[in-house]
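Report on the structure
Residues per chain, in single letters:
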Amino acid sequence: MRMTTSKPSVSSNWPALPEGAFAFASFSDLHWGHRRNDTERMIQAFDKSVYGNGLLSYIKLLVLAGDVFDRLLNLNDESIFAIDRWIARLLKRCAEAGVVLRVLEGTKSHDRAQSQRFEMLYEFLELKSDFRYVKDVEVEYIASLGCQVLFIPDEAHTSTVETKEVVQAMLQAKGLQQVDLAVMHGYFQHQLPYDTKEGSYHDLAYYESIVKHWITIGHVHTRSRVGKALAQGSHDRLSHGEEEAKGFVVATCRHPGKDDAWFIDNHHAHVYRTVTCYDMTAEHALAAIDAACEGIPTGSRVRIEAEPEHPVFESMLMLTNRWPLLHLTKHIKSKSEKSTVEKILEDVLSKWTPIRIDRESIGPLIEKRLLKREMDAEQRHRVLTHLQECV
């Protein structure tokens, strides 16, 4: 059984590389526009990770492995202007440093193809750097690095089994047995604490067999390293249950016998803390909550978890007055509730089948719905004809 390992954070003293070797950095799950977090503050933390430690002078490739956005944003959203400035800054700084930049489409319900804004700003800025936004499964030869890179966005096909078949056919068409790197959005089974349905997770053994060096994968917000698979996790904390360290990953390629990878911490990530008070008296619970709140940044979120009848909840008003610059919430549940939720989740996941909606599939999907209605064949035909005209 493989063991998940992690490397400590490193400073700007990056390891020296011989000629022909190179390093790359992978970020994912930035989730700009998140409703709970301040996007501008998350962007400031990203900028410190990229520009504050000599990273761009060390790496040759920077990848954003999906979920740059959290949700579909309107043009008047307060975070849009900060996001556009961030995109322009990243494009220009990568161009100035000669760093290849690749942006992968993530989960459709998050990214919503909004990373097209990179393409728009790249064209507007009239840059000549090596940048691409990747929204389909493909194998790309990056000439400046002399390497083949496989890109797999999330939900590329109706199942990961089909995606694997597409990848294999693509390799055969290009006369390749292996690629140098893979950049993916999705998950491997070992990344989740429960089993999921075949076809929802990617086949780690297969991808390790076709990738020479590293597989970087986004989607699961917790970092892990198993074999060649590097899951950098989210760059910031986005909810309770994500109290672990956050950041990104840097890895080296073609350093004979010495290729390695490091998780680099984002020390400016939002703080989410949960104080469990099940077996505490009210006095001890209040002391634990005060200890959790002491010294953490403004806007941090502290969740108080206990049974419905726990006396600590009678002190919520006093606690919110004591810590007015923090978000304090209560999470009322019994000890046994967690295992019940996990069972329900596993049951849902075992029955869930993804549905891909595009120009080719929307017609048959709508037709199935229409067949369930009291509608004659001529009416159905008119609806479907009009639909095809619209798409």
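Residues numbered from 1 in each chain as written. Predicted model: local features only at pLDDT ≥ 70, side-chain atom pairs only at ≥ 80, totals over all residues. Heavy atoms only, no water.

1. Description of the packing of helix α2 (residues 80-97) against helix α4 (residues 116-124)
In plain terms, the rule: As a rule, the C-alpha atoms of each element are fitted with a line to give its axis, helices using only the stretch in contact, and angles between N-to-C directions run from 0 to 180 degrees. Helix numbers and strand numbers start at the N terminus; a helix is a DSSP run of H or I with at least 4 residues, a strand a run of E with at least 2. Between 65 and 115 degrees an angle is taken as roughly perpendicular, under 35 as roughly parallel, over 145 as roughly antiparallel, and anywhere else as oblique. A crossing counts as left-handed when the near helix is turned anticlockwise from the far one by less than a right angle, and as right-handed when that turn is clockwise. A contact between two residues is defined here by any heavy atoms of the two lying within 4.5 Å. Charged means Asp, Glu, Lys or Arg here, nonpolar means Ala, Val, Leu, Ile, Met, Phe, Trp, Tyr, Cys or Pro, and polar covers whatever is left, Gly included.
α4 packs onto α2 with a crossing angle of 60° between their chain directions and a minimal axis gap of 10 Å. Comparing the axis directions of α2 and α4 gives the class oblique. By crossing handedness, the relation of α2 to α4 is classed as right-handed. Together, I80, D84, W86, I87, A88, L90 and L91 of α2 and R117, F118, L121 and Y122 of α4 make up the contact between the two elements. Of the residues in the contact of α2 with α4, the class split is nine nonpolar, no polar and two charged.

2. Comments concerning a positive patch on the surface
Heads up, the condition is: Nonpolar side chains (Val, Leu, Ile, Met, Phe, Trp, Tyr) within 5 Å and like charges within 9 Å form the patches, drawn only from residues with over 30% relative accessible area and no salt bridge. Only the protein chains shown count as cover for residues, and all accessible areas are computed by the Shrake-Rupley method using a 1.4 Å probe. Think of a salt bridge as a Lys or Arg side-chain nitrogen and an Asp or Glu carboxyl oxygen that are within 4 Å of each other. Just so you know, the count uses Lys and Arg for positive and Asp and Glu for negative, and it drops His and the chain ends. To locate a charge, take atom NZ for lysine, CZ for arginine, CG for aspartate or CD for glutamate.
A grouping of K368, R369, K372 and R373 is seen on the molecular surface, where their side chains present a positively charged patch. Topologically, K368 is positioned in helix α10 (residues 362-371).

3. Comments concerning the sheet that holds strand β1 (residues 22-27)
Spelled out, the test is: A strand pair is defined by DSSP finding two or more bridges across the two strands.
Spatial ordering of the open sheet is given by β4-β3-β2-β1-β11-β12, a layout of six strands whose pairing is mixed. A strand with exactly one partner marks an edge of an open sheet, and here the two such strands are β4 (131-134) and β12 (261-265). Taken over all neighbouring pairs, the strand axes of this sheet differ in orientation by 20° on average, direction set aside. Its contacts with the sheet place α4 against β2 (61-65), β3 (100-104) and β4, and it is angled at close to 155° to β4.

4. Re the pairing of β2
Applied cut-off: Any residue under 20% of the maximum accessible area for its type is buried, any over 50% is exposed, and the rest in between are partly exposed; the area is computed with a 1.4 Å probe on protein chains only. Think of it like this: strands point away, you trace from the first strand over the helix to the second, and a clockwise trace means the crossover is right-handed.
Here β2 lies mainly inside the structure; five of its five residues are buried. Covered by surrounding structure in β2 are L61, V63 and A65 together with L62 and L64, the residues of both alternating faces. Sheet analysis places β1 next to β2, joined by four bridges and oriented parallel. In the sheet register, S26 faces β2, and the bridge partner there is V63. One ladder, built from five bridges, connects β2 with β3; its direction is parallel. Each residue of the ladder has a partner; that of L62, found in β3, is L101. Crossover connection from β2 via α2 to parallel β3: handedness right-handed.

5. Topic: the packing of aromatic side chains
Stated formally: Note on ring pairs: Phe, Tyr and Trp rings are taken, using the six-membered ring of Trp, and paired if centres are within 6.5 Å. Classes follow the plane angle, with under 30 degrees stacked, over 60 edge-to-face and the rest tilted. Note on criteria: charge over ring means Lys NZ or Arg CZ within 6 Å of the ring centre, with the direction from the centre no more than 35 degrees off the ring normal.
Counted under the stated rule, the structure contains 10 aromatic pairs. Aromatic pair F46 and W86: ring centres 5.3 Å apart, planes at 80°, arrangement edge-to-face. One end of the pair, F46, is in helix α1 (residues 39-51); the other, W86, is in helix α2, with 40 residues separating them in the sequence. The class for F46 is buried, based on a relative accessible area of 0%. Taking the relative accessible area as the measure of exposure, W86 reaches 0% and is therefore buried. Ring centres 5.2 Å apart and planes at 45° place the aromatic pair Y122 and F131 in the tilted group. Each member of the pair, Y122 as well as F131, is classed as buried. Connected via pairs of aromatic rings, a cluster forms that spans F27, W32, F46, W86, F118, Y122, F131 and F248. The ring of Y51 carries R93 above its face, with NZ or CZ at 4.3 Å from the centroid.

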